[in-house]
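Working through the structure, step by step
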Amino acid sequence: MVAHAESAFPKECCGILLGKETGGARQVGAAIACRNAYEGEQKDRFQLDPKEQIAADRKAREMGVDILGFFHSHPDCDAYFSATDLKNSWPWYSNVVLSVQAGKYHHAKAFIANSDQTSADPEELVLP
Ligand SMILES: [Zn+2]
C-alpha cells in the first residue's frame, strides 16, 4: 500500500484489501494495487476499475478470503475521510486512507461508513 501510494504521488492511488473477519476483528492479508480509473484530475479523486474489482473478487475466492475494503491515498493531505470519500463509500467495507506528504508515506487511518453514508467512524485495522 505504501509503495503504491508513494509511486502514484502526486496523484491518488487506490486498491483493494483482502482478508478475513473473525470475531468482529478484520485481518487484512493482502492489498491489491489497482489503477486509478478516474477520468480527470487525480490529485484528489480516485475510481476503481470495475474489471480489477471483479479480478480481486475472483482472487479472494481462490484464496478463501473476502474483500474487506479499499484503500486510497491523499497526496499532500491528511488521512481523513472526505465528503467525497463518504459519498463514494459502501457500508460495511473498511476504508484505509494513506497520507503521502511530498512523495513520502506519512500516516494512515481506517474508516467505516455508516449504512446511510452520513458519517464514518475511525476503525482499527490489523495490517500485515
Ligand atoms: Zn479520500
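Since the model is a prediction, treat every value here as computed from it, not as a measurement.

**Examining the pattern of salt bridges**
The tally for this structure, following the rule as stated, stands at 4 salt bridges. Residue Glu21 is joined to Arg26 by a salt bridge in which the shortest nitrogen-to-oxygen separation is 2.7 Å. Residue Arg26 is classed as buried on the basis of its relative accessible area, which comes to 7%. Between Glu123 and Arg26 there is a salt bridge, and its shortest N-O distance comes to 3.8 Å. Linking Glu123 in strand 6 (residues 120-123) with Arg26 in strand 2 (residues 25-34), this pair joins segments that are 97 residues apart in sequence. Members of the salt-bridge network, linked through shared partners, are Glu21, Arg26 and Glu123.

**Some thoughts on the coordination of the zinc ion**
Those protein atoms acting as donors to the zinc ion are His72 (NE2), His74 (NE2), Asp85 (OD) and Asp85 (OD), and they sit at 2.0 to 2.4 Å. In this structure, the zinc ion is surrounded by 4 donor atoms whose angles at the metal cover 58 to 162 degrees, and the resulting shape is irregular. Mapped onto the sequence, the donors of the zinc ion take the spacing H-x1-H-x10-D. In terms of burial, His72 and His74 fall into one category: buried.

Analysis parameters
Starting afresh in each chain, residues are numbered from 1 along the sequence in its written order. In keeping with the model being predicted, local features are shown solely for residues with a pLDDT of at least 70 and side-chain atom pairs are shown and tallied solely at 80 or more, while totals for entire chains, interfaces and linings include all residues. For side-chain calculations, the full set of non-hydrogen atoms in the structure is used, while hydrogens and water are omitted. Each salt bridge in this description consists of a side-chain nitrogen of Lys or Arg and a carboxyl oxygen of Asp or Glu lying within 4 Å of one another. Three labels apply to residues, based on accessible area from a 1.4 Å probe with only protein chains included: buried if under 20% of the type maximum, exposed if over 50%, partly exposed otherwise in between. Here a helix means four or more residues in a row that DSSP labels H or I, a strand means two or more in a row labelled E, and each is numbered from the N terminus. Only nitrogen, oxygen and sulfur atoms qualify as donors, and only when within 2.8 Å of the metal (3.2 Å in the case of Na, K and Ca); with water excluded, sites may look incomplete. Site shape is set this way: if four donors have all angles between 85 and 135 degrees, tetrahedral; if opposite donors are over 155 degrees apart and all others between 65 and 115, square planar for four donors and octahedral for six; otherwise irregular.

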